[in-house]
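What follows is the residue order along each chain.
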Amino acid sequence: MASKLLRAVILGPPGSGKGTVCQRIAQNFGLQHLSSGHFLRENIKASTEVGEVAKQYIEKSLLVPDHVITRLMMSELENRRGQHWLLDGFPRTLGQAEALDKICEVDLVISLNIPFETLKDRLSRRWIHPPSGRVYNLDFNPPHVHGIDDVTGEPLVQQEDDKPEAVAARLRQYKDAAKPVIELYKSRGVLHQFSGTETNKIWPYVYTLFSNKITPIQSKEAY
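Residues numbered from 1 in each chain as written. Predicted model: local features only at pLDDT ≥ 70, side-chain atom pairs only at ≥ 80, totals over all residues. Heavy atoms only, no water.

Under the annotation held in an unreviewed UniProt entry, the protein carries the name Adenylate kinase 4, mitochondrial and is attributed to Homo sapiens. Taken verbatim from the UniProt record of the protein, the Sequence similarities (unreviewed entry) comment is "Belongs to the adenylate kinase family. AK3 subfamily." According to its UniProt record, the protein has this under Subunit (unreviewed entry): "Monomer." (UniProt positions renumbered as here; feature names shortened; annotations may be inferred.)

Below, the structure is given as structure tokens:
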């Protein structure tokens with residue numbers, strides 16, 4: 001196995017099971033799971049300069065602009081030059097992908113293609129704990145007590161944009177932004193697309209793909 005650092009990206013619409021797949025990759029292959037949503041929450045909590053800028057948009061229910069997310073992620077990646085990593089939620093746009101190009105070469109890009117009906121069902125069953133970003137699904141990882149976060153005991157909420165009427169709009173928005181990113185990585189021969197309705201059925205293929213690039217730290221039973 002080459003000792004080259006592995007730089008991977010995962011793409012997928014909201015509700016595609018990205019978070020679950022990322023956790024499994026991190027667990028099985030020792031990659032750092034770098035989530036743009038997590039870093040955004042951390043920076044807002046710590047009132048950093050970029051966190052304060054992002055907060056102004058979020059409070060107005062606006063999307064945080066490209067350049068703000070790019071700045072945030074670039075500084076996080078600078079701190080992780082010596083690590084294998086997996087990016088989740090970045091790059092979402094062509095502009096972000098081009099910014100990423102300037103600091104490293106991406107080796108592997110996974111795109112999850114999940115049917116619209118499946119996404120709609122999953123998101124309507126999704127409840128979150130906003131302070132931590134923990135996500136629950138009433139079907140496959142429900143909280144111990146309905147409506148309550150397992151760790152803090154605080155109430156869970158359903159996001160407005162997880163409600164069925166908003167899902168179609170979010171998916172369209174995702175597809176429009178992701179299309180040029182997917183095309184870019186496809187043209188470089190690093191894109192691998194996985195389709196299906198169940199994360200557990202997609203996972204063995206993802207595991208095999210990563211096994212060819214990096215030695216697993218444990219067997220694929222680690223779900």
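Alright, that's what it looks like, and here's the rest.
Visitor: For this particular structure, what's the right way to read the UniProt feature "binding site: a ribonucleoside 5'-triphosphate" (unreviewed entry) in the protein?
Guide: As annotated in UniProt, the feature "binding site: a ribonucleoside 5'-triphosphate" (unreviewed entry) corresponds to Gly15, Ser16, Gly17, Lys18, Gly19, Thr20, Arg126, Val135, Tyr136 and Thr199 in the numbering used here. Looking at the element boundaries, Val135 is found in strand E6 (residues 134-137). Topologically, Tyr136 is positioned in strand E6. Residue contacts for Tyr136: discarding those within four places in its chain leaves Arg125, Arg126, Trp127, Asn141, Pro142, Pro143, Asp149, Asp150, Val151 and Leu156. (Helix = DSSP H or I, 4+ residues; strand = E, 2+ residues; numbered from the N terminus. Contact = heavy atoms within 4.5 Å.)

Visitor: How should I be thinking about the packing of aromatic side chains in this particular structure?
Guide: What describes a pair of aromatic rings is the distance from one ring centre to the other and the angle between the planes of the rings. The tally for this structure, following the rule as stated, stands at three aromatic pairs. Taken together, a centroid distance of 5.2 Å and an interplanar angle of 45 degrees make the contact between Phe29 and Tyr207 tilted. Placement of Phe29 in helix H1 (residues 18-29) and of Tyr207 in helix H8 (residues 199-211) is noted, with a sequence separation of 178 residues between them. Its relative accessible area of 11% is what places Tyr207 among the buried residues. Centre to centre, the rings of Trp203 and Tyr207 are 5.9 Å apart; their planes meet at 65 degrees, and the pair counts as edge-to-face. You can see Trp203 and its partner Tyr207 sitting in helix H8, four residues apart, about one turn around the helix. (Phe/Tyr/Trp six-rings, centres within 6.5 Å; stacked < 30°, edge-to-face > 60°. Buried < 20%, exposed > 50% of the residue type's maximum accessible area, 1.4 Å probe, protein only.)

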